[in-house]
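# Overview (structure and organization)
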Amino acid sequence: MTRTEEIRQRLQKAFAPRELDVVDDSEKHRGHAGYQEGGESHFSVRLRSEAFDGLSRIARHRAVHEALGATLMSQIHALSLDLNS
């Protein structure tokens, strides 16, 4: 399973989103710090879920990081999050 698929699967399970886009932006960062040959180091996530109702921006980000887990987060150099309910 690719990191992209793993991110999508974990977020789907944790938040049952009505909208979820996971984009591997790694190629845009070729030659920059954290770039890994083969990609899957820089991601953009757009997630819409009722699970975020009433949560602050920081709490939403923390919830996503927790859902992805420490091991997967340690394999990602950059994670851009667009999170709303």
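Now for a quick tour of the structure.

What counts, and at which threshold
- Residues numbered from 1 in each chain as written.
- Predicted model: local features only at pLDDT ≥ 70, side-chain atom pairs only at ≥ 80, totals over all residues.
- Heavy atoms only, no water.
- Helix = DSSP H or I, 4+ residues; strand = E, 2+ residues; numbered from the N terminus.
- Polar contact = N/O pair within 3.5 Å; in protein donor to acceptor, adjacent residues only side chain to side chain.
- Axes fitted to C-alpha atoms, helices over the stretch in contact; angles between N-to-C directions.
- Parallel < 35°, antiparallel > 145°, perpendicular 65-115°, else oblique.
- Left-handed = near helix turned anticlockwise from the far one by under 90°.
- Contact = heavy atoms within 4.5 Å.
- Nonpolar A, V, L, I, M, F, W, Y, C, P; charged D, E, K, R; others polar.

### Some thoughts on the side chain of serine 26
Examined against the element boundaries, serine 26 turns out to sit in the loop between β1 (19-24) and β2 (42-48). At a separation of 2.8 Å, a polar atom in the side chain of serine 26 contacts the main-chain amide nitrogen of serine 41. Engagement of the side chain of serine 26 in a polar contact is seen with the backbone nitrogen of histidine 42, the distance being 3.0 Å.

### Regarding the packing of helix α1 (residues 3-15) against helix α2 (residues 57-68)
Put simply, α1 and α2 touch, their axes get as near as 9 Å, and they point 120° apart. It follows from the interaxial angle that α1 and α2 lie oblique. Read as a crossing pair, α1 and α2 show a hand that is right-handed. Residue-level inspection shows Ile7, Arg10, Leu11, Ala14 and Phe15 of α1 in contact with α2, the latter providing Ala63, Val64, Ala67 and Leu68. For the contact of α1 with α2, the per-class residue count stands at eight nonpolar, no polar and one charged.

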